[in-house]
Amino acid sequence: HPLPVQQAALPAASPTPQPSATPAPQFPQSRPIDQKLPVKVRSARLRYEQSRKLTVFYGGVTVTHDTSTLLARELRSADQGANAEASGGVLVRDAQRQFTAEAGRLRYGNALQEGILDDGVHMVTVGPYGRPVTITGQSGGYQGLSRSAWVDGSVWVHRDGLSVSAQRAEIEDGGAELRLLRQVDVRLDSNHAQADAAELRRDGQSLELSGSVRARFVPAALKQAAAQPWRNHCTTK
């Protein structure tokens, strides 16, 4: 008698892959500042001008408040550093709020929480999903230590492969909103667009252009062919 044929067991169906959940947006700039902490100033030297009741700190100045730090060559203050003007290689940074600003001069108030930047500005903050955004220009300022900020004059914005030039950049809501105004020029790889204004949306994944938009887009296939010309050849038999 022939042996019974045994059917092989079918493999178990593979589970359908599930897309990973979009991470919740983070806004470290919105972390509250502890108003109870004192402003501390350190420097190599200082002098006091009695007639103006002004203290001048100079020689490696360091100002700290909460988790914020200011570095400069000189600091002039009439109230022990709570409000002051810093000059010479100014650097303001806060690692917890992920905010950095560099300039030639800074006039700050309210214990470093707000300031006006001059003589060249280089500002780095983060978007909703932790991507660094770099903004440079001629002047600018911030409120709430980057809860809102702006940069004016020959502005450049860089994020990942996106590069935008404009005359003004505005950051609102702790980095959730980024607006570019006047003479906006956008470049992303080989793609190029111009507009009167642009807005980086809250989700951080798209850029909306408005007002006299002119755009040039290079298809992915054409872009790849241009990048690898040695693959464009004909074969004959």
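Here, every reference points to the structure presented above.
What comes next is a walk through the structure. Because the structure is predicted, anything quoted here is derived from the model rather than measured. (Residues numbered from 1 in each chain as written. Predicted model: local features only at pLDDT ≥ 70, side-chain atom pairs only at ≥ 80, totals over all residues. Heavy atoms only, no water.)

Now for the overall build of the protein chain. When helices and strands are tallied, the protein chain shows 1 helix and 15 strands. Sequence separation of 24 or more characterises 36% of the internal contacts of the protein chain that already satisfy a separation of 6 or more. Accessible area for the protein chain stands at about 14,400 Å²; split by element, carbon and sulfur atoms hold 52% of it. (Helix = DSSP H or I, 4+ residues; strand = E, 2+ residues; numbered from the N terminus. Contact = heavy atoms within 4.5 Å. Areas by Shrake-Rupley, 256 points an atom, 1.4 Å probe, with all protein chains shown as cover.)

Applying the stated criterion to the full structure yields 11 salt bridges. With a shortest N-O distance of 3.6 Å, glutamate 49 and arginine 47 are connected by a salt bridge. Residue class for glutamate 49 comes out buried when judged on its relative accessible area of 17%. A relative accessible area of 38% means that arginine 47 is categorised as partly exposed. A salt bridge links aspartate 152 to arginine 168; its shortest N-O distance comes to 2.7 Å. Here aspartate 152, found in strand E10 (residues 148-159), pairs with arginine 168, found in strand E11 (residues 162-172); they are 16 residues apart in sequence, far enough to count as distant. What emerges from the salt-bridge pattern is a single network uniting Arg47, Glu49, Arg52, Glu74 and Arg76. (Salt bridge = Lys/Arg side-chain N within 4 Å of Asp/Glu carboxyl O. Buried < 20%, exposed > 50% of the residue type's maximum accessible area, 1.4 Å probe, protein only.)

To continue, consider the side chain of serine 163. Inspection of the secondary structure assignment puts serine 163 in strand E11. Within polar-contact distance, the side chain of serine 163 engages the side chain of histidine 158 at 3.5 Å. Not counting the four nearest positions on each side in its chain, serine 163 is found in contact with Trp156, Val157, His158, Asp185, Val186 and Arg187. (Polar contact = N/O pair within 3.5 Å; in protein donor to acceptor, adjacent residues only side chain to side chain.)

With that settled, consider the pairing of strand E9 (residues 139-143). As paired strands, strand E7 (residues 114-126) and E9 are joined by 4 bridges and run antiparallel to one another. Of the residues in E9, the one forming a bridge with glutamate 114 is glutamine 143. As paired strands, E9 and E10 are joined by 5 bridges and run antiparallel to one another. Residue pairing across strands places glycine 141 opposite tryptophan 150, the latter belonging to E10. (Pairing = 2+ DSSP bridges.)

Turning our eyes to something else, we now look at the environment of valine 92. You can see valine 92 is positioned in strand E5 (residues 84-94). Taking the C-alpha atoms as reference points, valine 92 and leucine 71, 21 residues apart in sequence, are found 6.6 Å from one another.

For the rest of this paragraph, the subject is the layout of surface pockets. Its boundaries defined by the atoms lining it, the largest pocket holds a volume of some 270 Å³. Of all the secondary structure elements, the ones that give two or more residues to the lining of the largest pocket are strand E12 (177-188), strand E13 (191-200) and strand E14 (207-210). The element best represented in the lining of the largest pocket is E13, accounting for 4 residues. Residue classes in the lining of the largest pocket are distributed as 8 nonpolar, 5 polar and 2 charged. (1 Å grid on protein atoms, 1.4 Å probe; cavity = no way out; pocket = protein on both sides within 12 Å on 5 of 7 lines; lining within 4 Å. Points joined across faces, edges and corners; volume = space filled by probe spheres on them. Nonpolar A, V, L, I, M, F, W, Y, C, P; charged D, E, K, R; others polar.)

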